[in-house]
Amino acid sequence: MKLILTHENADFDAIAAQLAAHKLDPDAVPVLPRRINTNVRDFLNLYRSALPHMEVNDLPRATVEAVTVVDTQSVVTVKGMRPQTPARIIDHHPLAGDLPEHQDYWGEPVGATTTLLVEQMREATPALSPVELTLLVLGIYADTGSLLYGTTTARDIAAAAWLSALIVLFFSWK
């Protein structure tokens, strides 16, 4: 089993990055952390059935072969993980320190982790529902202050614009 994990007190960028990572690797299961920001929990309460995320308590008993960790550099553990479980860390912050041999890091300085994954999604072009598109845009907007924070890059704006254009296209076809 492959999992996609994120930090506790997850924000929109964390949950959206999990969705994007799942769209890029559909065999990997995005697992919600035990604690989620209130506004994100409200969104999930409304649209939970339209998203692939699982609760940590609902994970099947199985060995975790690999994890992808998004929007954090701290690898959280869940049942089924071994100390040497391979982990790929994807984050928009610079690498904070050395990693163990079984972990690798991929990231670049952009405003949101979701941006990095959406850029890859543009090339892979997975099918996306309006709810998924909305969550992805919220992920970028939340970490960039609606594209106004000083850490916002042109890449964040381009990713948000691409997602917004897909939303418009979806509803103009109806």
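Only a predicted model underlies this, so the values are computations on that prediction, with no experimental measurement involved.

Caption draft 1: Structural context of the sheet that holds strand E5 (residues 87–90). Strand order in the open sheet formed by 6 strands is E3-E2-E1-E4-E5-E6, with parallel pairing between adjacent strands. Where the open sheet ends on each side, the last strands, each with one partner, are strand E3 (54–55) and strand E6 (103–106). Strand direction decides the pairing type here: E5 and E6, joined by 4 bridges, are parallel. For Arg88, the partnering residue across the bridge sits in E6 and is Asp104. Its contacts with the sheet put helix H1 (residues 12–24) on strand E1 (2–5), strand E2 (28–32) and strand E4 (66–70), and the angle it makes with E2 is roughly 165°. Against the sheet, helix H3 (residues 113–124) contacts E4, E5 and E6, and its axis sits at roughly 85° relative to E6.

Caption draft 2: Inspection of the environment of Leu135 at higher detail. Within the element layout of this structure, Leu135 appears in helix H4 (residues 130–144). What Leu135 contacts, discounting residues up to four positions off in sequence, is Phe12, Ile15, Ala16, Leu19, Phe43, Leu51 and His53.

Caption draft 3: Summary view of the packing of H1 against H4. Relative orientation of the contacting elements H1 and H4 amounts to 135°, with a least axis distance of 8 Å. Judged on the interaxial angle alone, H4 and H1 are oblique. The two elements H1 and H4 cross, and the hand of that crossing is left-handed. Residues Phe12, Asp13, Ile15, Ala16, Leu19, Ala20 and Lys23 of H1 lie in contact with H4, whose contacting residues are Glu132, Leu135, Leu136, Leu138, Gly139, Ala142 and Asp143.

Quick notes on the rules
- Residues numbered from 1 in each chain as written.
- Predicted model: local features only at pLDDT ≥ 70, side-chain atom pairs only at ≥ 80, totals over all residues.
- Heavy atoms only, no water.
- Pairing = 2+ DSSP bridges.
- Helix = DSSP H or I, 4+ residues; strand = E, 2+ residues; numbered from the N terminus.
- Contact = heavy atoms within 4.5 Å.
- Axes fitted to C-alpha atoms, helices over the stretch in contact; angles between N-to-C directions.
- Parallel < 35°, antiparallel > 145°, perpendicular 65-115°, else oblique.
- Left-handed = near helix turned anticlockwise from the far one by under 90°.

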